[in-house]
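Below, each chain spelled out in residue letters.
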Amino acid sequence: MKKLLFLFAIGYSAMALAQQDKRLKGIEVELNKILVTAKAAGFAVAVVEGDKIIYAKGFGYRDYENKIPVDANTLFAIGSTTKAFTSAILGQLRAAEKLSLDDSPRKYVPELKFFNDKMNENIIIKDLMCHRTGMSRHDFSWYFFPTTSKDSLIQRLAHQEPFAGVREKWLYNNFMFLTQGVIAERITGKSWEDNIKERFFTPLGMTRSNTSIGEMKTATNAAFGYQLKKETIISKMDYYDISGMSPAGSINSSVNDLSNWMITWLNKGKFKGQELIPESYIQEAMSSQMVVSAALPDKENPDIHFANYGYGWSLKSYKGHYRVSHGGNIDGFSADVTLFPSDNIGIVVLANQDGSAVPGLVRNTISDYILKVNKTDYVKIYTEDMAKAKKAESEAKKKATSSKVAHTKPSHILQDYTGKYSNPGYGEFTIANENDSLFANFKFKKLYLRHTHYDIFEPFEVHKKVIDTTDSGGNTRFNFATNESGEIASVKIKLEAMLDPIEFKHKPSTIKVSKEVLAQYVGDYELAGITIKTYIKNEDKLFLFVPGQPEYELLATDKHKFSFKTLEGFKVEFVEEADKTIKNVILIQPNGKFTAKRKL
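Residues numbered from 1 in each chain as written. Predicted model: local features only at pLDDT ≥ 70, side-chain atom pairs only at ≥ 80, totals over all residues. Heavy atoms only, no water.

## Let's talk about the pairing of strand β2 (residues 52–63)
Reasoning step 1: Bridge count between strand β1 (residues 42–49) and β2: 8 bridges; the pairing is antiparallel. Bridging across to β2, Val-47 finds its partner in Tyr-55.
Reasoning step 2: Counting the residues in the hairpin turn of β1 and β2 gives 2 residues, including Gly-50, whose phi is positive at 65 degrees.
Reasoning step 3: By the bridge criterion, 2 bridges tie β2 to strand β3 (residues 68–69) in an arrangement that is antiparallel. For Tyr-61, the partnering residue across the bridge sits in β3 and is Pro-69. (Pairing = 2+ DSSP bridges. Helix = DSSP H or I, 4+ residues; strand = E, 2+ residues; numbered from the N terminus.)

Quick look at the structure:
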């Protein structure tokens, strides 16, 4: 009974706050319009002024199927709004004289290497904090190839190509916030997760907040994530475990908890009289450190004057008011945390809708009310924009001409495309042949590869064993390449618009073969007067030896078929006779096929 009374009190308090503040009169109608128009499962919003929460309320459902409502304490994944927390740790460490933002990150993470010497020599910690390293996003490196090891993710940076020079261009990059988290770990001797909890969650009373999907799954009053399919269907999504990339976006929180975070920023780093974040850092983080774009005023946005970036915060003007904000998106969830420092106002919006317009619509609508500026009908604009986009998409489809070359087929049997594919800047995935179809298997994702033409395949995500071939990977294609022997050597995938396709090297699938089966291949084979020997070592490994060359370990890929472990494009195939004996072996190499006969 006490629990029910407590929850009721929270809901009543939020409604009372809304009614008490005359500036927000009528806001409920507008916010419900947004919920319905965007076809969202739910969202929560809180508004703070000075050191007080003046409004906090949930709309819609945290569990859409069971119609369990959202409230101000409902947990949502907040995605990249985590970034301001991560950079703030470095602000604290600077105040404690543990680091300088002008230091090289390699001073604290010696094994860190960037793509080239120029980056290694010039990048400083401050560059990581405001996205000015010149590094492209490379997000698929962590999204498709997650790992719990932050250090392992750091090692991938040496293989990730930049798009611009250091401090030449603003380019958003999650890896740079991972790096900040690791720097803090090295200095404090504590995990990023523990730093966040001890430095912010505990002193701010953010008792509902956590830093992992594991904690999210076991928490009470946690929202499920949803996506909008075919424009009308609200479909549940699996939680995405951001894993080792946690400093860039793994916090899960509620609008009530995040209100205390906003209050701290609005009060120059203090919460209930205690300084948590140095005032000098607060001012620096909310001021321009890198130009994002010109953002010149135009007819549609006459009040825009700049678009810059601080430390984990985006900076813009809004109808004559200085706005500091950051959005966040991760599977099934969208978020926005906004501060108006000069007005002493903070607004947080958390939605359980994938790639949602809801946080921006809610934030802007409330901003108009609370700042007492001319109100814009954002729902109307959103509806019109969606209609225009739908019409443009329809017209584009009518005009589109397929680039598909008809009547072509893959150059190899599907089995030849199977195996492991790896890139040192990304990771490893496998391709398997299941029921005469190719599937790419990543840690948390499975893609069906449909043949387009030649050796190019189009990916479609498999969700709960269902393949929706109307929902493709956009312009993403798997483009397979062969070596001089004509074998599948790699696949190139266009993962990022700014970069050339990323190449993943191919290793054929291997199978386990017993010592007894391997024994039938052991012997001497003669080719043009040269004796080639095959033998077993270490109980279960087959080796091949050609005089004058090193011995080669053979990896079983199919019945009687082997590839060389250390040579690309070299294979052997033992020929089984009618009497089940092995009398010949075919040596397959880039310059042809050669048959060696077994010596009796």
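## Concerning the packing of aromatic side chains
Reasoning step 1: The final tally for this structure, using the stated rule, is 47 aromatic pairs.
Reasoning step 2: Aromatic side chains Tyr-61 and Tyr-64 sit 6.2 Å apart centroid to centroid with 70 degrees between the ring planes, which places their arrangement in the edge-to-face category.
Reasoning step 3: When its relative accessible area of 29% is taken as the criterion, Tyr-61 is described as partly exposed.
Reasoning step 4: Relative to Phe-200, the ring of Phe-85 has its centre 5.9 Å away and its plane inclined at 75 degrees; by these criteria the two rings are edge-to-face. A residue pair is termed long-range when its members are at least 10 positions apart, and Phe-85 in helix α3 (residues 83–95) and Phe-200 in helix α9 (residues 192–201) qualify at 115 residues. Exposure class is identical for Phe-85 and Phe-200. Each is buried.
Reasoning step 5: Lys-537 extends its terminal NZ or CZ atom over the ring of Phe-543, reaching a point 5.0 Å from the ring centre. (Phe/Tyr/Trp six-rings, centres within 6.5 Å; stacked < 30°, edge-to-face > 60°. Buried < 20%, exposed > 50% of the residue type's maximum accessible area, 1.4 Å probe, protein only. Lys NZ or Arg CZ within 6 Å of the ring centre and 35° of its normal.)

## Details of the sheet that holds β3
Reasoning step 1: Read from one edge of the open sheet, 9 strands run β3-β2-β1-β15-β14-β13-β12-β11-β10, paired in antiparallel fashion. One side of each edge strand has no neighbouring strand; the edge strands of this open sheet are β3 and β10 (290–293).
Reasoning step 2: Strand direction decides the pairing type here: strand β12 (residues 314–318) and strand β13 (residues 321–330), joined by 5 bridges, are antiparallel. Looking at β13, one finds that Lys-316 is bridged to Arg-323.
Reasoning step 3: Strand contacts of helix α2 (residues 27–37): β1 and β2, with the helix running at about 30 degrees to β2, the strand carrying the most contacts. (Contact = heavy atoms within 4.5 Å. Axes fitted to C-alpha atoms, helices over the stretch in contact; angles between N-to-C directions.)

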